[in-house]
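These are the residues of each chain, in order.
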Amino acid sequence: MRLGLIAVAALVSMTAATAQTAEQGRYSGQLRTMLTAVAGGTCPEALMGEELLKACRQQLPKMAPAIKAAGAIQSITFDTAQDANGQRYEKYTVAFASGKPSAWVIGGLKDGKFESVYSLGD
C-alpha cells in the first residue's frame, strides 16, 4: 500500500513539472507582427492600445531604423510568463539576422490590444 502511495505521489509531481515546462507563449505572433510593422515604419493600430500606440508613434523615428538594421526576424523563443495586476506578460528572446538576440516583453492585453511592448535589451 505504501509503495502505491509513493508511486501516485511521484506521478502527480511529474505531471505538475511537465505542465510547468510545457507552458507556451500566446503572444509570439503578435510580437512578430509588431516588430515587422515597426521595422517597416508603421505602428500597428489593430494590436496596440491607445497609450502604446502613442508611445510607438513618438519613438518610431529612432526605433524603425534600429529594428530594420537588425534584419529579418530569425526566431522568437518564449522564455517565461508572469501575471501582474491581473494581466499576463510574456518574455521572449528575439533573434534577428544581424546583431545579438534581444529580450522583449509583451502583455497587458485589453479589449484585443496590448498595453505594453518593450525591449529589455541584450
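Each chain has its residues counted from 1, following the order in which its sequence is written. Restriction of local features to residues with pLDDT of at least 70 applies here, the model being predicted, together with a cutoff of 80 or more for giving and counting side-chain atom pairs; totals for whole chains, interfaces and linings are based on all residues. Computation of side-chain values covers all heavy atoms of the structure but excludes hydrogens and water.

Draft legend 1. Examining the pattern of salt bridges more closely. Think of a salt bridge as a Lys or Arg side-chain nitrogen and an Asp or Glu carboxyl oxygen that are within 4 Å of each other. Counted according to the given criterion, the structure contains 3 salt bridges. Put simply, Arg-57 and Glu-45 hold a salt bridge, and the shortest N to O gap is 2.8 Å. On the criterion of sequence distance, the pair formed by Arg-57 in helix H3 (residues 50-70) and Glu-45 in the loop between helix H2 (28-39) and H3 is long-range, its members being 12 residues apart. Across the pair Asp-79 and Lys-91 runs a salt bridge whose closest N-O atoms are separated by 3.3 Å. Of this pair, Asp-79 sits in strand S1 (residues 73-84) while Lys-91 sits in strand S2 (residues 87-96); the two residues are 12 residues apart in sequence, bridging distant segments of the chain. Per the convention used, a helix needs a DSSP run of H or I reaching at least four residues, while a strand needs a run of E reaching at least two, with both numbered from the N terminus.

Draft legend 2. Local environment of H3. A residue's bend is simply the angle between two axes: one fitted to the seven residues ending at it, one to the seven starting at it. Along H3, the helix axis deviates most sharply at Leu-60, where the bend reaches about 70 degrees; the proline Pro-61 sits within four residues downstream. Note on classification: 1.4 Å probe, protein chains only; a residue is buried when its accessible area is under 20% of the maximum for its type, exposed when over 50%, partly exposed between these limits. Taken together, the buried positions of H3 are Leu-52, Leu-53, Cys-56, Leu-60, Ala-64, Ile-67 and Ala-70. Note on contacts: a residue pair qualifies if any of its non-hydrogen atoms lie within 4.5 Å across the two residues. In this structure, the buried side of H3 is in contact with H2, S2, strand S3 (102-110) and strand S4 (113-121). Just beyond H3, the residue with positive phi is Gly-71, at close to 90 degrees.

Draft legend 3. Main features of the state of the cysteines. By definition, disulfides here are pairs of cysteine sulfur atoms that lie within 2.5 Å. Applying the stated criterion across every chain yields a total of 1 disulfide. A disulfide bridge connects Cys-43 with Cys-56, and the sulfur atoms are separated by 2.1 Å. Every disulfide takes its handedness from the sign of the S-S torsion; for Cys-43 and Cys-56 that torsion is -90 degrees, giving left-handed. On the criterion of sequence distance, the pair formed by Cys-43 in the loop between H2 and H3 and Cys-56 in helix H3 is long-range, its members being 13 residues apart. In this pair, the class of Cys-43 matches that of Cys-56, namely buried.

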